[in-house]
Amino acid sequence: MIQSMLPGFETTPAIDRLFFAVFPDPESAERIAALAQALCQQHGLRGKPLAAMRLHVTLHRLGDYAGLPPTLIASAEAIAARVATPVFDAAFGSASSFTGRPGQRPLVLRSDEADMAPLLSLQCALGEAMTAAGLGRHVTRKIVPHVTLLYDDNLLAPRPVERIVWTVREFALMHSLIGRGVYRTLGRWPLHSR
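Owing to the predicted nature of the structure, the values given are computational and were not obtained by experimental measurement.

Visitor: Is there a simple way to explain the nonpolar core in this structure?
Guide: Here is a general trend for soluble globular proteins: nonpolar side chains tend to be buried in one another's company. Grouped together as the largest cluster of nonpolar side chains are 49 residues, with contacts concentrated most on Phe20, Leu109, Val147, Leu149, Trp166 and Phe171. The leading source of residues in this core is helix H1 (residues 26-43), at 7 residues.

Visitor: I'm lost on the sheet that holds strand S7 (residues 170-177) in this one. Help?
Guide: What holds strands together in a sheet is hydrogen bonding between their backbones, with the strands either parallel or antiparallel. The strand order S2-S1-S7-S8 describes an open sheet built from 4 strands, whose pairing is antiparallel. With one partner strand each, in any of the chains shown, strand S2 (57-65) and strand S8 (182-190) form the two edges of the open sheet. The sheet shows a mean angle of 20° between the axes of neighbouring strands, direction not considered. Pairing geometry for S7 and S8, over 8 bridges, is antiparallel.

Visitor: How should I be thinking about helix H2 (residues 70-81) in this particular structure?
Guide: Residue pairs three or four apart in sequence face the same way in an α-helix, which turns once every 3.6 residues. In a regular helix each residue adds 1.5 Å, so 12 residues correspond to 16 Å; H2 covers 17 Å between its end C-alpha atoms and thus fits that length. Turning to H2, its buried residues number three or more, namely Leu72, Ile73, Ala76, Ile79 and Ala80. For H2, the arc enclosing every buried residue in end-on projection is 125°, short of the 170-degree limit, so these residues lie on one face. Exposed positions of H2 whose direction lies more than 90 degrees from the buried face are Pro70, Thr71 and Ala81. Buried residues in H2 make contact with strand S1 (16-22), S2, helix H3 (117-132), S7 and S8.

Visitor: So what exactly am I meant to see when it comes to the pattern of salt bridges here?
Guide: In a structure, side chains of opposite charge can pair up when their charged atoms sit close to one another. Following the criterion strictly, the structure yields 5 salt bridges and no others. When the shortest N-O distance is used, the salt bridge between aspartate 64 and arginine 17 registers 2.7 Å. Here aspartate 64 is found in strand S2, whereas its partner arginine 17 is found in strand S1, with 47 residues between them in sequence. Taking the relative accessible area as the measure of exposure, aspartate 64 reaches 33% and is therefore partly exposed. The residue arginine 188 makes a salt bridge to glutamate 170 at a minimum N-O spacing of 2.7 Å. On the criterion of sequence distance, the pair formed by arginine 188 in strand S8 and glutamate 170 in strand S7 is long-range, its members being 18 residues apart. Owing to a relative accessible area of 45%, arginine 188 belongs among the partly exposed residues under this scheme. Given a relative accessible area of 33%, glutamate 170 falls into the partly exposed group.

The rules we used
Residues numbered from 1 in each chain as written. Predicted model: local features only at pLDDT ≥ 70, side-chain atom pairs only at ≥ 80, totals over all residues. Heavy atoms only, no water. Core = buried A, V, L, I, M, F, W, Y, C linked by side-chain atoms within 4.5 Å. Buried < 20%, exposed > 50% of the residue type's maximum accessible area, 1.4 Å probe, protein only. Helix = DSSP H or I, 4+ residues; strand = E, 2+ residues; numbered from the N terminus. Pairing = 2+ DSSP bridges. Axes fitted to C-alpha atoms, helices over the stretch in contact; angles between N-to-C directions. Expected span 1.5 Å × (residues − 1). Arc of directions from axis to C-beta. Contact = heavy atoms within 4.5 Å. Salt bridge = Lys/Arg side-chain N within 4 Å of Asp/Glu carboxyl O.

Here it is, written out as structure tokens:
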């Protein structure tokens, strides 16, 4: 019998997610949200597009918790302060679905291979700093730069879309309340000027 089934060993569900991310500027976020609506209409998708303020590119997930772990947050903040990456343009020009459970298949805006390098560079620099600080277990080894638009039952084959470009000037440590669609910014770190 596992401990979580014994009295006094009940597990508390994880409701707090921590992650590093970059966010589009408000105008670009609105363009991405409009694109998600258009894709729904064009392809009969029923999933509800994410609100513009939730659209982002995840760099690394730091895990799910039942309550915020202050030591991990302090470590993440110290790590982020050491990352020195220049400002860059993030560019996305195609949309497709990732596989998953029915109803949980993400439709995403993807970065073309030629446009991935700057995002991958920031993700790599942050991952190296995390590893050096003993948080290597949280480093995402393979990243497909993307912005999740919505979740749906249907799978959409890859297709070109209107190219959306924004200048990434900072990255953030985010707290997500799992299943509630609420994000809280725990810290922001500027990238270096070009």
